[in-house]
Amino acid sequence: MNRRLFLAVLPAALAAGCGFQLRRSAGIPFESLHLDAPAGSAVAQRLRSLLTATRKTRFVTVPGEAEAVLKLAQEVRSKTILSLSGAGRVTEYRLGLTLSYSIVGPDGQVLAEPESLELNRDLTYDNSQLLAKGAEEQLLYRDMEDSAARRILRRLQALGDGT
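Starting afresh in each chain, residues are numbered from 1 along the sequence in its written order. Under the rules for a predicted model, residues below a pLDDT of 70 receive no local features and side-chain atom pairs below 80 are neither given nor counted, while totals for whole chains, interfaces and linings still include all residues. Hydrogens and water molecules were not included; the side-chain quantities draw on all heavy atoms of the structure.

(A) Focus on the overall build of the chain. Counting from the N terminus, the helices are the DSSP runs of H or I reaching at least four residues and the strands are the DSSP runs of E reaching at least two. Along the backbone of the chain there are 3 helices and 6 strands. Counting helices and strands in the order they occur from the N terminus, the chain gives α-β-α-β-β-β-β-β-α. Only protein chains enter the accessibility calculation, which uses a 1.4 Å probe; a residue whose area is less than 20% of its type maximum is buried, one above 50% is exposed, and one in between is partly exposed. Put simply, the chain has 163 residues, and 32% of those count as buried. Considering only contacts within the chain whose residues lie at least 6 apart along the sequence, 69% involve residues at least 24 apart. Surface exposure here means Shrake-Rupley accessible area, sampled with a 1.4 Å probe, where a residue is shielded only by the protein chains that are shown. Only carbon and sulfur atoms are counted for the fraction: they give 52% of the accessible area of the chain, which is about 10,600 Å². Between two residues, a contact is recorded if the distance between any of their heavy atoms is within 4.5 Å.

Here's what the structure looks like:
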């Protein structure tokens, strides 16, 4: 029995001793934040859900009441043909998401210089799998929106580190 207990506790002790921690979302250095984004912005919705999960930051509706204002410019989705078959049919698309953001204080002081994000994903295409490829396209756009939201969140967290 003691041997089983020892073998069960040993991996946990080794993991704790090496500094291993589960990945979690660190908070941002602002207690209140105003999110200025276009209506229907998917990245803004993702940011709200990421930040409300931490419960350390509250969203305010008036920019003057916030410690920081996150301004998101309009998100632009793009879809361009990447390759064609010998018969002239599309075989690949390149999907893109472009947006820019800036972080300012309530008095207009720039806390983080405006930054542009451009994300791309390649999508193979087949006319015989129209519904599946449409769903895959939406999944890739959602993945890009999640990635953009996480990058913006990391930038907000970096402001607390002094970078």
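(B) Quick peek at the packing of aromatic side chains. In this scheme Phe, Tyr and Trp rings, the latter by its six-membered ring, pair at centre separations within 6.5 Å, and the angle between planes marks the pair as stacked below 30 degrees, edge-to-face above 60, and tilted otherwise. Considering all chains together, one arrives at 1 aromatic pair under this definition. Ring centres of Tyr93 and Tyr125 lie 5.4 Å apart, and the angle between their planes is 75°; on these two criteria the pair is classed as edge-to-face. With Tyr93 in strand S5 (residues 90-104) and Tyr125 in the loop between strand S6 (110-124) and helix H3 (130-161), the pair connects residues that are 32 residues apart, well separated along the chain. Since its relative accessible area comes to 14%, Tyr93 is described here as buried. Geometrically, a lysine NZ or arginine CZ counts as sitting over a ring once it is within 6 Å of the ring centre and also within 35 degrees of the ring normal. The positively charged end of Arg48 is found above the aromatic ring belonging to Phe59, 5.0 Å away from the centroid.

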